[in-house]
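The lines below spell out each chain.
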Amino acid sequence: LYHGKVPSEGGLLDDVRQALVEMLAAEGVKANVAAVPYSDKLLRDKLTAMSFTITAPAVRFGPVRIEGASEAFLPKVQRIADFAGENPFDSETSVAKLERNIVSFYEDHGYAAVKVQAEQSGMPVSTADSIQVPYKVTVQEGKTYKLGLLRLPPGAFVTQEDFSKVLNPNTNTFMRPSLGALLMVIDNCYKAKGYLDLAVTLHPQFDDTAAIVNYTIDIDPGAVYHVAYVKFDGVSDALRSQLMRAWELMPGEPFDEPYLSRFISKVESQDPVLKRELVGMLAKYDITADPMTHEVNVVIRLEK
């Protein structure tokens, strides 16, 4: 209907947003619509479009019907689908995430070639407090496999030796506990060096005769993110000073994401005074990463 650039603010954008509100109202849905910039991750967060999103009422998965799952797995797969329905529905990500979660569940049980497809099964239904979008999920379970070889790209920051630390040599069944742990090794290694946009792609090669699956692993690290500032909230000035003295991740350095999870336990183990000060406190982390500047702001809130 329209080919050209759309402004990120102003009258034209407001007119489009209002037209969408009126179209929804014509379908019996009274909703608030917001316009926000949309960036394509594959283009390294370059602004490519404006996204129009229903902000109220909440949009969620409606009833999700599972087809093709075996009797043993059906209740567990249905629980995964029901859990997805508790979270806000996003047409860009929710369906793919549901499919991935179900695939991961089957991979946990050795079904490396499982196929899962989710598709809308009817028109959205407006209720008193939400908009429900019904879906059907079709599962083709396939057969079980054992985990074979893992081929890393040249120059990867991880090695086969890193993998051997988390593999269970006595495991006779397939994989995902092992494969999931291996992917976590890659994730931790790269994100410790500031690669927050890390993308890991697995290319399976199936040996049906031996019931083994080998993987070629592609790693796209993206840009390095650096620390912009660090702030501790909810503490006294004296305690804030103590924590900042113990903090090692300085502005300008690559952002080490795993460092956050071990910081509090590390200072408690090394400093008895700080350990007493932190008794009964729960740490919450607000991490804001700017995809344009590749800078990260860190706010650590300590609450009783």
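Here, every reference points to the structure presented above.
Description of the structure in this document. (Residues numbered from 1 in each chain as written. Predicted model: local features only at pLDDT ≥ 70, side-chain atom pairs only at ≥ 80, totals over all residues. Heavy atoms only, no water.)

1. Comments concerning unusual backbone geometry
Moving on, step 1. In the Ramachandran plot, Ala211 falls in the positive-phi region, its phi being about 55° despite a non-glycine side chain.
Moving on, step 2. Mapping Ala211 onto the fold places it in the loop between β8 (199-207) and β9 (212-220).
Moving on, step 3. Residue classification places Ala211 among the partly exposed positions, given a relative accessible area of 21%.
Moving on, step 4. In this structure, His294 is a non-glycine residue whose phi angle is positive, near 60°.
Moving on, step 5. With respect to the helices and strands, His294 occurs in the loop between β11 (282-290) and β12 (295-303). (Helix = DSSP H or I, 4+ residues; strand = E, 2+ residues; numbered from the N terminus. Buried < 20%, exposed > 50% of the residue type's maximum accessible area, 1.4 Å probe, protein only.)

2. With respect to the environment of Gly122
Moving on, step 1. Topologically, Gly122 is positioned in the loop between β4 (115-120) and β5 (125-126).
Moving on, step 2. The class of Gly122 is partly exposed, set by a relative accessible area of 26%.
Moving on, step 3. Through-space distance from the C-alpha of Gly122 to that of Tyr135 is 7.3 Å; in sequence the pair is 13 residues apart.

3. Observations concerning the pairing of β11
One face of the sheet, then the other: side chains in a regular strand alternate in exactly this way.
Moving on, step 1. With nine bridges joining them, β11 and β12 adopt antiparallel strand pairing. Bridge pairing in β12 places Asp286 opposite Val299.
Moving on, step 2. Remark: four residues form the turn of the hairpin made by β11 and β12, two consecutive strands paired antiparallel; His294 in that turn has positive phi of roughly 60°. (Pairing = 2+ DSSP bridges.)

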